[in-house]
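# Observations on the three-dimensional arrangement
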Amino acid sequence: MNNLFQRYKWMGILLGVLLILAGTGIILLSIFVPGKVNMILSITVAVICFIIGLIYIIAGVLLPLSEFYSSLYLYGAFAISVGIILLIHMDLASEVLIYTIAVILLTLAVVYIVRGILYVTHKMKALQFVLCFIIGGVCLVLGILALIFKGQMLQFIYILAGVFFLLTGVIQLISATSKGKKSA
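To start, this report covers the structure provided alongside it.

Rules used throughout
- Residues numbered from 1 in each chain as written.
- Predicted model: local features only at pLDDT ≥ 70, side-chain atom pairs only at ≥ 80, totals over all residues.
- Heavy atoms only, no water.
- Helix = DSSP H or I, 4+ residues; strand = E, 2+ residues; numbered from the N terminus.
- Buried < 20%, exposed > 50% of the residue type's maximum accessible area, 1.4 Å probe, protein only.
- Contact = heavy atoms within 4.5 Å.
- Areas by Shrake-Rupley, 256 points an atom, 1.4 Å probe, with all protein chains shown as cover.
- Expected span 1.5 Å × (residues − 1).
- Arc of directions from axis to C-beta.
- Axes fitted to C-alpha atoms, helices over the stretch in contact; angles between N-to-C directions.
- Parallel < 35°, antiparallel > 145°, perpendicular 65-115°, else oblique.
- Left-handed = near helix turned anticlockwise from the far one by under 90°.
- Nonpolar A, V, L, I, M, F, W, Y, C, P; charged D, E, K, R; others polar.

### A word on the overall build of the chain
Scanning the chain for helices and strands turns up seven helices and zero strands. For the chain, the α and β elements follow one another from N to C terminus as α-α-α-α-α-α-α. For the chain, the spread of C-alpha atoms along the three principal axes comes to 55 × 45 × 30 Å. Looking at the chain as a whole, 33% of its 184 residues qualify as buried. Counted over contacts in the chain with a minimum sequence separation of 6, partners at least 24 positions apart contribute 72%. Of the roughly 11200 Å² that the chain leaves accessible, carbon and sulfur atoms contribute 77%.

Here you go:
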């Protein structure tokens, strides 16, 4: 996808703006209208999937005619199918989000704990392995809590997902616009 954004700067900017809007919307809705977040989250993610799918398909169509097939078509079709599934099963977005965040946290916990162990065995600075163990421990606790209390933590998880979308969008937007300035 990075090659796509390098070729077409507007796609990177569009994705950044969409992620910022989605993140901001999710955060505000989670705070002010928590009962409607499942439906709105599903629609928001579905629309983003549709747009990303269309971007992939358009990028595939813009390839030289000598390229008969591109994986961009498959990526586009996959993104559009995920969008359709989310519109049909609106509760699916919240379930997938909860489990995704929990698994990400648990995976990061394992990564940082193993990294901390490697820092200890390689006699690195104490700050490095202590920080790894702290991050790993926090991620482990949050991941387990997300799985155990998924119903009660739904609003928190929505806000966390909104912040993630928002920050990812800002980073994407900065990346897309700074690459354009360097090449100009």
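So that's the structure; there's more coming.
### A word on helix H4 (residues 71-88)
The end-to-end C-alpha distance of H4, which contains 18 residues, comes to 26 Å, matching closely the 26 Å that a straight helix rising 1.5 Å per residue would cover. Taken residue by residue, H4 has Leu-72, Gly-76, Ala-79, Gly-83 and Leu-86 as its buried positions. Viewed along the axis of H4, the buried residues span an arc of 90 degrees, placing them on a single side of the element. The outward face of H4, more than 90 degrees from its buried face, is lined by the exposed residues Leu-74, Phe-78 and Ile-88.

### Some words on the packing of helix H3 (residues 37-61) against H4
Axis separation between H3 and H4 bottoms out at 7 Å; the angle between their running directions is 160 degrees. Here H3 lies roughly antiparallel to H4, going by the angle between them. The chirality of how H3 crosses H4 is left-handed. Class assignment for the residues of the contact of H3 with H4 results in 21 nonpolar, five polar and no charged.

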